Amino acid sequence: MKTRHNKIFRDLTSDYSKNLMLVLAIAIGVFGIGAILGGYSVTKREMTDNYLSTHPASATIEMEEDISRGMVDSVKAMPGIAEAERHATVVARMKVGEKWFPLLLFVIDDFKTKKTNTPFYISGEREPSPSAMLVERTALVVMKAKEGDELEIKTPHGHPQKVKLSGTVHDPSLAPAWQEQSGYGYISLSTLHALGETQGFDQLRIRVSEQPFSKEHILVEAKGVASRVTQKGYHVHEIQVPPPGKHPHQGQMTTVMSIFITFSFLILILGSILVSTSMATLMVKQVRQIGVMKTIGANSWQIGVMYLMMTLVLCILALLIAIPLSRLAASVFYHQLAVLLNLEIRDNTIPNWVPLLQIIGGIVIPLIAVAFPVIRGSRVSVRTALDNHGVLEKRTATNFWAVRFSRISFLSETFRLSIRNVFRQRARMMMTLGLLAAGGAMFMTALNVSEAWDNNLKRIYSQRLYDLEVKLNQPLKADSLLNKIRRIPGVTVAEGWSHSPTAISKGEATEVTQTYPDKGHGSFTIQAMPLPTRLLSPTVKEGRWLANPDAAEVVLNQNARGGYKLGDRISLAVYGKPTAWTIVGFTEDVGSPAMAYTSYDYFSTLTQTQGQVSMLRIAYADRSRQNAELKNLEIENLLQAEQISVSAAIPVWLLQNAIAAHMKVMVNSLMAMAVLMALVGTLGLTATMSMNLLERTREIGVMRAIGATPATIRKLVVWEGLFTGGLSIFIAIVLALVLSTFFGRFIGNMAFRTPLTLTVSVSAMAMWVALIIIGSYAATLYPARRANQITTREALSYE
Amino acid sequence: MNHEQSKSQIQLTRVSKSFPLASGDFHALKNVSLTIPSGKLVAITGKSGSGKSTLLNLIAGIDKPTEGSVSINGVQVEKLPESALATWRGKNIGVVFQFFQLLPTLTILENVMLPMDFCNSYPKKERKSRALSLLEMVGIKEQADKLPSELSGGQQQRAAIARALANDPPMIIADEPTGNLDSQTASSIFDLFASLTRAGKTVIIVTHERDFSEYFGHVIAIADGEIVKEVIHA
Ligand SMILES: Nc1ncnc2c1ncn2[C@@H]1O[C@H](COP(=O)(O)OP(=O)(O)O)[C@@H](O)[C@H]1O
Ligand SMILES: [Mg+2]
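Residues numbered from 1 in each chain as written. Chains lettered and ligands numbered in written order. Predicted model: local features only at pLDDT ≥ 70, side-chain atom pairs only at ≥ 80, totals over all residues. Heavy atoms only, no water.

Examining the overall build of chain A
Part 1 of the argument: When you go through chain A residue by residue, the secondary structure sums to 23 helices and 21 strands.
Part 2 of the argument: Burial status across chain A gives 57% buried among its 799 residues.
Part 3 of the argument: Nonlocal contacts in chain A, meaning residues at least 24 apart in sequence, comprise 82% of its contacts between residues at least 6 apart. (Helix = DSSP H or I, 4+ residues; strand = E, 2+ residues; numbered from the N terminus. Buried < 20%, exposed > 50% of the residue type's maximum accessible area, 1.4 Å probe, protein only. Contact = heavy atoms within 4.5 Å.)

See below:
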């Protein structure tokens, strides 16, 4: 070993606490990046793999008639078609406790040979015996049941019947049932008939054999199939082509991940600031030694290499700590996401580019950080380095405002000195402030945005003035029924609406939608309501709300808006026929898929369903969940007594829960970020504070020598920390406002196409203030104690 | 005493050094010409602020003259690029500082070996024994494995002298090397320097200490940046 390597080694081992701080600073950045990107890369890969391994149908063709097996075979034989299968989806209801929840029933033609949208069998029967049902694993929670239990279900036309849950499957193409607040069941056609339905298979699912990810190609093939079946006498009313190869929650996932990646980038910057500050401090003490070494013959290159090696050792240590830990955190993270996205992690290898990026980031950034002080240090002429005034400490101008401020006489001597010390090294103070402010800003932003989400969620209640939505199986004349409902005590308003799935009509024979097989994601609905309605208070963003009951006017929500402008004419397919409308307004809804709102009077005339409604919306005086549950039950009983066939009854609280569950990923990630930021912030504070002090050991020795008591010194140091921390809070708050606006807009637009209103979370602010005060206090305790432990003699000879 | 050392000579020709200040340039050295032959113990004396350190720094290539030229053994010091200068200095000039300036995390032995490492001047295997013999010469061989902080001021200065000698430079410069030492220790340090000149080295010392004038073969007195008196003993 060369003598100079001895120096590197000794320098590294002689000052544990400081070097440990450096290692920690590097490690935090490396850890953050690794945890986030590791989690992200695995989740993204598994999401696509999971989804694709179910062989999702390229397109679903919905017909009026039941599809014969012969028809399926002839479609399968068509060139360009890899698979064809018939299928049916029935929206039924299930009883959990005393309440009815939606239940999506997937009717399977042949469980044994199923080749599209195949779920994974987990346990129990693979093919349900008659009057039994397979369930999706996440639905068991909503059903409050386990495999082997019986569940009371009711199909639109049947009576409530008990069905045995005979097997469990996993279908990664479905959102977790608890997120949708509904159940998923798989039954055979004979079971469906036993449950009281008469329909057969009305959906034809196809998979194309070529270009499976080209939407255009799929459309061409699907239309080919549609015209083939039309020739055979079928009537196609809808072709559904969901985004090829994309999980229904891919968009949600992208949002979450973009937040994460932004934050991890910010963490990296924070980490770099921390590293630079630490390195600069380290170098301050080395500058004189650099001067000495240059005097005894070292050239700049040799010195550069020495410090490079020193930094490398620190980096490698940091990497050794951070990489394994980050992989651990990543695995917690992707398992968490897997639960939220209903995925099964089959391959948990983190791709190599993640550790590679960590290594590059964890080495290159500290090297850059150390390069500046080293270059500066080695440029410093030997004479300056050896000057006994000390180096790099620029003479603070005496007219600097901090000095004046600190002269205010009523401040105690110690306090005044603390303030001056804070400003003594302006560059370092800027770094510390920047670090704390950035950490605080991100902490508050995370919480602000998640509170903005909450507030957005609460808008569900202010936009939807109803508490229960009942979808009927057949349109019916409901005047007397509505009157009966209105007479129930506690019911304030009841209205009859119409609704119908729709699509933007491009004048083609069959309408093409982007709906996923769960019928929710990607759907587009037209809703017709009596005007003026008392049950909707839409947030109109542009134009106006519906006013004229007899006009062909339509208001689109943000998910339906597309590229339309006010006054545009739009053609919507209703019951398979194009209808013409004029757009008079755009709304911003919370928790609705694409929606077109129209007048009931005009709509019913257009569809020749005057007087008939397909949906009831009912409002209660007391909107609490407890009351709503009671009233819902009363209404359900009334409907049952009136023998009204209900396809779904969705209380608004259930809708809110479902949306809240969708947002859970988001909110949780923001919280995780907030915690990480708090960690980085306090660590940064501790690091810089202790370094500030270590560097002044000599000065503290002098103060002790001239009579400062340990208590005075502790006070001095603690005030210094508190002052820096306090200053950072103000910057952080301002920064948080800017960031929250940006993130609220970004996240809101990404996830629901509406910006979130800027929300300032008071509790977040209070938490950060408390954290900084406690953190600054705690961060200074150790260095203060250390400063006091060193004897005056040691302090004075301290290099 | 080898041939080159006998020829070693310091030549300053009309050297000026000024420092830019807010109130205008400050002339620390004014048009100084000076010749110092080799093998002498040279003292630079003068009041504080008279320009002694400035002169020494110019000779060691630590600073560059504003005007004039500094030539050492025929090398134009001010013309050397920074990195060549470091190596040149390492091999030709041993510097002894007032505050010793031993590297705190290295042992005394390692401090002495460091210049040989930087200048790659002796075969690796010989460096340790050379360092030990230098420490023996300055009389602190027993302290070789201690850290600088464990030594007294005088011992530290001896170690610093040993370090200055590590690359066997023909010239040693020392800026108030005894400023921090008691007079008894100081005189032993001067003895040490005197013994170096007997071995053929040129030793230039900035000093206040009047008591030791008998040691010096050449005394240069400076006041206000000018040489006011030069005494050369035979
Ligand atoms: N870097 C500098 N900038 C400005 N003035 C300087 C600088 N270095 C030295 N001086 C001035 O030059 C004069 C001579 O300095 P110096 O050679 O250190 O004096 P001495 O060593 O004799 O005490 C002093 O007045 C000093 O203030
Ligand atoms: Mg001086």
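Observations regarding the interface of chain B and chain A
Interface size is commonly expressed as the accessible area that is lost once the parts come together.
Part 1 of the argument: Listed as interface residues are 29 residues of chain B and, on the opposing side, 25 residues of chain A.
Part 2 of the argument: Both sides together, the interface formed by chain B and chain A hides about 2,500 Å², and carbon and sulfur atoms give 61% of it.
Part 3 of the argument: At the boundary of chain B with chain A, the tally comes to two salt bridges.
Part 4 of the argument: Counting across the interface, chain B meets chain A through eight residue pairs in polar contact (both at pLDDT 80 or more).
Part 5 of the argument: Sorting the residues of the side of chain B that touches chain A by element identifies α3 (82-92) and α4 (108-119) of chain B as the ones contributing at least two each.
Part 6 of the argument: Broken down by element, the side of chain B that touches chain A gets its largest block of residues, seven residues, from α4 of chain B.
Part 7 of the argument: Along the lines of polarity and charge, the residues of the side of chain B that touches chain A split into 14 nonpolar, eight polar and seven charged. (Buried area = accessible area lost by both parts, 1.4 Å probe. Salt bridge = Lys/Arg side-chain N within 4 Å of Asp/Glu carboxyl O. Polar contact = N/O pair within 3.5 Å; in protein donor to acceptor, adjacent residues only side chain to side chain. Nonpolar A, V, L, I, M, F, W, Y, C, P; charged D, E, K, R; others polar.)

Quick word on the environment of Phe201 of chain A
Residue and element names in this part refer to chain A.
Part 1 of the argument: Tracing the backbone shows Phe201 in the loop between α6 (189-194) and β9 (203-208).
Part 2 of the argument: Note on Phe201: relative accessible area 2%, which makes it buried.
Part 3 of the argument: The sequence separation of Phe201 and Gly297 amounts to 96 residues, and the corresponding C-alpha distance is 90 Å.
Part 4 of the argument: With residues near it in sequence (within four places) discarded, Phe201 still touches Glu65, Asp66, Ile67, Arg86, His87, Ala88, Val107, Ile108, Asp109 and Leu189.

Concerning the site of ligand 1
Part 1 of the argument: Taken together, 13 residues form the shell around ligand 1, and within it Gly49, Gly51, Lys52, Ser53 and Thr54 of chain B come nearest.
Part 2 of the argument: Mapping the residues near ligand 1 onto chains gives chains A and B.
Part 3 of the argument: Thr54 of chain B has a polar side-chain atom sitting 2.5 Å from an oxygen atom of ligand 1.
Part 4 of the argument: In the complex, 68% of the free accessible area of ligand 1, which totals 560 Å², lies under the protein chains.
Part 5 of the argument: Those elements that place two or more of their residues in the shell around ligand 1 are β1 (9-21), β2 (24-37) and α2 (52-59) of chain B. (Near = heavy atom within 4 Å. Areas by Shrake-Rupley, 256 points an atom, 1.4 Å probe, with all protein chains shown as cover.)

Some points on the sheet that holds strand β4 (residues 67-72) of chain B
Residues and elements named next belong to chain B.
Part 1 of the argument: Read from one edge to the other, the open sheet built from four strands follows the order β2-β1-β4-β5, with strand pairing classed as antiparallel. This sheet does not close on itself; its edge strands, each paired only once, are β2 and β5 (75-76).
Part 2 of the argument: Pairing of β1 with β4, which is carried by five bridges, proceeds in the antiparallel orientation. Each bridged residue has a counterpart across the sheet, and for Gln11 the counterpart in β4 is Ser71.
Part 3 of the argument: Lying on the sheet, α2 is in contact with β1, β2 and β4; it crosses β1 at an angle near 120°. (Pairing = 2+ DSSP bridges. Axes fitted to C-alpha atoms, helices over the stretch in contact; angles between N-to-C directions.)

What about unusual backbone geometry?
As a rule of thumb, non-glycine residues mostly have phi less than zero, and peptide bonds are mostly trans rather than cis.
Part 1 of the argument: Between Leu531 of chain A and the following residue, Pro532 of chain A, the backbone shows a cis peptide bond with an omega angle of -10°.
Part 2 of the argument: Tracing the backbone shows Pro532 of chain A in the loop between β14 (524-529) and β15 (540-543).
Part 3 of the argument: Unlike most non-glycine residues, Lys144 of chain A shows phi in positive territory, near 50°.
Part 4 of the argument: Looking at the element boundaries, Lys144 of chain A is found in the loop between α4 (139-143) and β6 (150-154).
Part 5 of the argument: A relative accessible area of 71% means that Lys144 of chain A is categorised as exposed.
Part 6 of the argument: Here the phi dihedral of Asp224 of chain B falls at roughly 50°; this positive angle occurs in a residue that is not glycine.
Part 7 of the argument: When you line up the elements, Asp224 of chain B lands in the loop between β9 (218-223) and β10 (226-232).
Part 8 of the argument: Asp224 of chain B sits in the exposed class, given a relative accessible area of 59%.

A word on the sheet that holds strand β3 (residues 41-46) of chain B
Residue and element names in this part refer to chain B.
Part 1 of the argument: Taken together, the six strands give an open sheet; going across it, the order is β6-β7-β8-β3-β9-β10, and neighbouring strands pair in mixed fashion. Edge strands, defined here as strands with exactly one partner in the open sheet, are β6 (93-96) and β10. Sheet twist, expressed as the average angle between the axes of neighbouring strands with direction ignored, equals 15°.
Part 2 of the argument: By the bridge criterion, four bridges tie β6 to strand β7 (residues 171-175) in an arrangement that is parallel. Within β7, the position partnered with Val95 by the bridge is Ile173.
Part 3 of the argument: Packing of α3 onto the sheet brings it into contact with β6 and β7, and relative to β6 it is tilted by some 80°.

Things to note about the confidence of the model for chain B
Residue and element names in this part refer to chain B.
Part 1 of the argument: Confidence along chain B averages 85 in pLDDT terms, with 94% of residues attaining 70 or more.
Part 2 of the argument: Across residues 1-6, where pLDDT falls below 50, the model places seven contacts with residues more than four positions away in sequence or in other chains.
Part 3 of the argument: Here the predicted complex scores 0.71 on pTM and 0.86 on ipTM. (pLDDT = per-residue confidence, 0-100.)

Describing the packing of helix α6 (residues 153-165) of chain B against helix α7 (residues 183-198) of chain B
Between two packed helices, the angle of one axis relative to the other and the distance separating the axes together describe the packing.
Residue and element names in this part refer to chain B.
Part 1 of the argument: Where α6 meets α7, the axes come as close as 10 Å, and the angle between the chain directions of the two elements is 15°. In this view, α6 runs roughly parallel relative to α7, as classed from their interaxial angle. The hand of the α6/α7 crossing is right-handed. Contacts from Gly154, Gln157, Arg158, Ile161 and Leu165 of α6 reach α7 at Thr185, Ser188, Ile189, Leu192, Phe193 and Leu196.
Part 2 of the argument: Split into classes, the residues belonging to the contact of α6 with α7 amount to six nonpolar, four polar and one charged. (Parallel < 35°, antiparallel > 145°, perpendicular 65-115°, else oblique. Left-handed = near helix turned anticlockwise from the far one by under 90°.)

So, the pairing of strand β3 (residues 99-108) of chain A
A regular strand carries its side chains on alternate faces of the sheet.
Residues and elements named next belong to chain A.
Part 1 of the argument: Judged by how many residues are buried, β3 sits mostly within the fold: nine of ten residues are covered.
Part 2 of the argument: Pairing analysis gives six bridges linking β3 to strand β8 (residues 183-188), with the strands arranged parallel. Note that in β8 the partner of Leu104 across the bridge is Tyr184.

Points about the pattern of salt bridges
Side chains bearing opposite charge may pair, as long as their charged atoms lie close to each other.
All names here are of chain A.
Part 1 of the argument: One pass over the structure, following the stated rule, counts 24 salt bridges over all chains.
Part 2 of the argument: As a salt-bridge pair, Arg86 and Asp109 come within 2.9 Å of each other at their nearest N and O atoms. Of this pair, Arg86 sits in strand β2 (residues 81-96) while Asp109 sits in the loop between β3 and β4 (120-124), placing them 23 residues apart in sequence.
Part 3 of the argument: Judged by its relative accessible area of 13%, Arg86 falls in the buried class.
Part 4 of the argument: Linked by salt bridges that have partners in common, Arg45, Glu46 and Asp347 make up one network.

Observations concerning the packing of aromatic side chains
Each aromatic ring pair is summarised here by two numbers: the centre-to-centre distance and the angle between the ring planes.
Residue and element names in this part refer to chain A.
Part 1 of the argument: If you walk through the whole model with that rule in mind, you get seven aromatic pairs over all chains.
Part 2 of the argument: Geometrically, the ring pair formed by Phe443 and Trp768 is tilted, given 5.2 Å between the ring centres and 35° between the ring planes. Residue Phe443 is found in helix α14 (residues 426-463), and its partner Trp768 is found in helix α22 (residues 762-789); the two are separated by 325 residues along the sequence.
Part 3 of the argument: With a relative accessible area of 0%, Trp768 lands in the buried category.
Part 4 of the argument: Chaining the aromatic ring pairs together yields one cluster made of Phe106, Tyr184 and Tyr186.
Part 5 of the argument: Over the aromatic face of Phe586 sits the side chain of Arg561, whose NZ or CZ is 3.8 Å from the ring centroid. (Phe/Tyr/Trp six-rings, centres within 6.5 Å; stacked < 30°, edge-to-face > 60°. Lys NZ or Arg CZ within 6 Å of the ring centre and 35° of its normal.)

Overview of the side chain of Glu553 of chain A
Residues and elements named next belong to chain A.
Part 1 of the argument: Inspection of the secondary structure puts Glu553 in strand β16 (residues 553-557).
Part 2 of the argument: Judged by relative accessible area, which is 12%, Glu553 ranks as buried.
Part 3 of the argument: Separated by 2.6 Å, the side chains of Glu553 and Arg544 make a polar contact.
Part 4 of the argument: If we skip the residues at most four places from it in the chain, Glu553 touches Arg544, Leu546, Ala547, Asn548, Trp581, Thr582, Val584, Tyr597, Thr598 and Ser599.

Considering the confidence of the model for chain A
Part 1 of the argument: Of the residues in chain A, 86% reach a pLDDT of 70 or more, and the chain-wide mean stands at 81.
Part 2 of the argument: Counting interchain partners and residues more than four positions distant, the pLDDT-below-50 stretch residues 388-401 of chain A has 22 contacts.

Quick notes on a nonpolar patch on the surface
Part 1 of the argument: Nonpolar side chains collect at one region of the surface, where Leu356, Ile360, Val364, Ile368 and Phe372 of chain A lie side by side and expose about 500 Å² of accessible area between them.
Part 2 of the argument: Among the structural elements, Phe372 of chain A can be located in helix α10 (residues 353-379). (Patch = residues over 30% accessible without salt bridge, like charges linked within 9 Å, V, L, I, M, F, W, Y side chains within 5 Å.)

With respect to the packing of α4 of chain B against α6 of chain B
Residues and elements named next belong to chain B.
Part 1 of the argument: Orientation of α4 relative to α6, taken along the N-to-C sense of each, is 25°, at an axis distance of 7 Å. Judged by the inter-axis angle, α4 sits roughly parallel to α6. Pair α4 / α6 crosses with right-handed handedness. For the pair α4 and α6, the contacting residues are Ile108, Asn111, Val112 and Pro115 in the first and Ala159, Ala162 and Arg163 in the second.
Part 2 of the argument: Taken together, the residues of the contact of α4 with α6 break down into five nonpolar, one polar and one charged.

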